[in-house]
Amino acid sequence: MFVYADHAATTKLRESAAKTYVETAAQYYGNPSSLHSSGQQAKEVLEDCRARVAAALGGEAREIYFTSGGSEADNQAILSAAYAGAKKGKKKIVSTAIEHHAVLHTLEKLKREGFQIVLLPVGEAGIVSLNDAEAAIDGETALVSVMFANNEIGTLQPVKEIGALCKSRGVLFHTDAVQAVGHVPVDVREIGCDYLALSAHKFGGPKGVGALYCRRGAPLTPLIEGGAQERGKRAGTEDLPAVAAMTVALEESLREMPAEQEKLKKLQTMLIEGLEKIPHCALNGDRERRLAGNTSFCFEGIEGESLLLLLDEKGICASSGSACTSGSLDPSHVLLAIGRVHDVAHGSLRLTLGAENTEEDVAYLLKAVPEVVEYLRNMSPVWRDLQEGKRKYIL
Ligand SMILES: *Cc1c(COP(=O)(O)O)cnc(C)c1O
């Protein structure tokens, strides 16, 4: 059995997107900046994609800038707003404690440059409060950046309310919607955002391509200098095959969204209710206000990394919350932000389901995960101490 349950990390390329990628690369190889017919045909395809991506998000074509992915879009939005703010003496940025590193590390860079960074708490539910956001915004605030949906625990943030708040206070608003686009309805006008980041590989498009929505009139400065591509805001010959494949993947994901959401919601309920039967565990993040594909748990007395390795041996691709990939032993900043203590945060498991997953997959997960958790607990000295009453259970 093979179960891919790591769709928040990346998704399989859709067949329609793969086909479009190959066909576009073969047929429209001209450089969109060239004046000859081959270049102009490529340019036409590029602008058609821009209009279609804009339509999918409720914006205008001229508000869409193609990028190398979500990280680049986040960086460009935040740095553009920050430097524009600084010119007017506004050097405060309000964000949340659970943002993706593409946002957090950009904010850390700005902090080193003298900006004041305020990270709002999210509480046990993993959702930022509107009151906290309101209280944090003042006359010095250049930008508010709040993600649409969290990548680790799937919680949905009140972006529409925060968008309205920012508008009323005259503050720029960016939302990292990388986990949301293609999975839940996303409309830039409804959110009232000035910037929105998306990434193709999170909804069945290719890796290395994404887009930044930047409202007409909002400040935007290039991260990459060079040619005049993307109206001077992003130099470099456009990756037309990737952009075309992303466009097709986005449209297809919107068409399939209602049916996919219904299916995933059902699988999620099965998975959450099944895993909750494991003693001394807890669901991470709000039960209702979360992406339908996301199930994140902490199991007391185990190490998430060992859990992942043993699940991998059983053909299950999953993820843990901790930043083990970066070689650090720090538990996830998101799990700490929702109040999990270090020991508990280390025992985390993120299962993110997608289009190809079935009820059989969930049944297999519900057999494998409890087995592996029990196996690891039986070997764990911490678990023995807990059972012998030498330590107190936290969960
Ligand atoms: C994946 C992800 C990113 C980064 O996107 P890339 O295209 O991989 O650079 C940013 N934010 C969130 C919430 C993500 O899940």
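In this text the structure is predicted, and so the values were computed from the model without any measurement.

### What to know about the packing of aromatic side chains
Part 1: Throughout the structure, instances matching the rule amount to three aromatic pairs.
Part 2: Note on Phe-297 and Phe-299: the rings are 5.8 Å apart at their centroids and 10 degrees apart in plane angle, and the pair reads as stacked.
Part 3: In this structure Phe-297 comes out as buried when scored by relative accessible area, which is 1%.
Part 4: Seen from the ring of Phe-115, Lys-91 lies directly overhead, with NZ or CZ sitting 4.9 Å from the centre.

### Things to note about the packing of helix α3 (residues 70-87) against helix α4 (residues 101-112)
Part 1: Direction vectors running N to C along α3 and α4 enclose 35 degrees, while the axes themselves pass 9 Å from each other. Considering the relative orientation of α3 and α4, their crossing is right-handed. When α3 is examined against α4, the residues Ser-71, Asp-74, Asn-75, Ile-78, Leu-79, Ala-82 and Tyr-83 are found in contact with a partner set consisting of Ala-102, Val-103, Thr-106, Leu-107, Lys-109 and Leu-110.
Part 2: Each residue belonging to the contact of α3 with α4 can be placed in one class, and the counts come to eight nonpolar, three polar and two charged.

### Considerations on empty space enclosed by the protein
Vacant regions in the atomic arrangement are exposed by a probe of water-molecule size rolled over the atoms.
Part 1: Counted according to the given criterion, the structure contains two cavities of 30 Å³ or more.
Part 2: Empty space within the largest cavity amounts to approximately 170 Å³.
Part 3: Contributing to the lining of the largest cavity are 17 residues, with Gln-179, His-183, Leu-291, Gly-293 and Leu-353 lying nearest its centre.
Part 4: No other element matches helix α8 (residues 240-275), which puts three residues into the lining of the largest cavity.
Part 5: Considering only residue class, the lining of the largest cavity consists of five nonpolar, ten polar and two charged.
Part 6: In this structure, the lining of the largest cavity is formed jointly by two domains, domain 1 (3-9 + 257-387) and domain 2 (15-253), each of which donates at least three residues.

### Structural notes on the side chain of Arg-14
Part 1: With respect to the helices and strands, Arg-14 occurs in the loop between β1 (3-4) and α1 (15-27).
Part 2: Setting aside chain neighbours within four positions, we find Arg-14 in contact with Phe-203, Gly-204, Ala-249, Glu-252, Ser-253, Glu-256 and Glu-260.

### Focus: the pairing of strand β3 (residues 92-96)
Both faces of the sheet carry side chains from a regular strand, because those side chains alternate between them.
Part 1: With respect to burial, β3 is a largely interior element, five of its five residues being buried.
Part 2: The side-chain alternation of β3 yields two buried faces, one formed by Lys-92, Val-94 and Thr-96 and the other by Ile-93 and Ser-95.
Part 3: Two strands pair when backbone bridges link them, and β3 and strand β4 (residues 116-120) are joined in this way by five bridges, in the parallel orientation. Residue pairing across strands places Ile-93 opposite Ile-117, the latter belonging to β4.
Part 4: The parallel pair β3 and β4, bridged by α4, forms a crossover whose chirality is right-handed.

So, how was this worked out
- Residues numbered from 1 in each chain as written.
- Predicted model: local features only at pLDDT ≥ 70, side-chain atom pairs only at ≥ 80, totals over all residues.
- Heavy atoms only, no water.
- Phe/Tyr/Trp six-rings, centres within 6.5 Å; stacked < 30°, edge-to-face > 60°.
- Buried < 20%, exposed > 50% of the residue type's maximum accessible area, 1.4 Å probe, protein only.
- Lys NZ or Arg CZ within 6 Å of the ring centre and 35° of its normal.
- Axes fitted to C-alpha atoms, helices over the stretch in contact; angles between N-to-C directions.
- Helix = DSSP H or I, 4+ residues; strand = E, 2+ residues; numbered from the N terminus.
- Left-handed = near helix turned anticlockwise from the far one by under 90°.
- Contact = heavy atoms within 4.5 Å.
- Nonpolar A, V, L, I, M, F, W, Y, C, P; charged D, E, K, R; others polar.
- 1 Å grid on protein atoms, 1.4 Å probe; cavity = no way out; pocket = protein on both sides within 12 Å on 5 of 7 lines; lining within 4 Å.
- Points joined across faces, edges and corners; volume = space filled by probe spheres on them.
- Domains from an automatic or database assignment.
- Pairing = 2+ DSSP bridges.
- Right-handed = clockwise from strand over helix to strand, strands pointing away.

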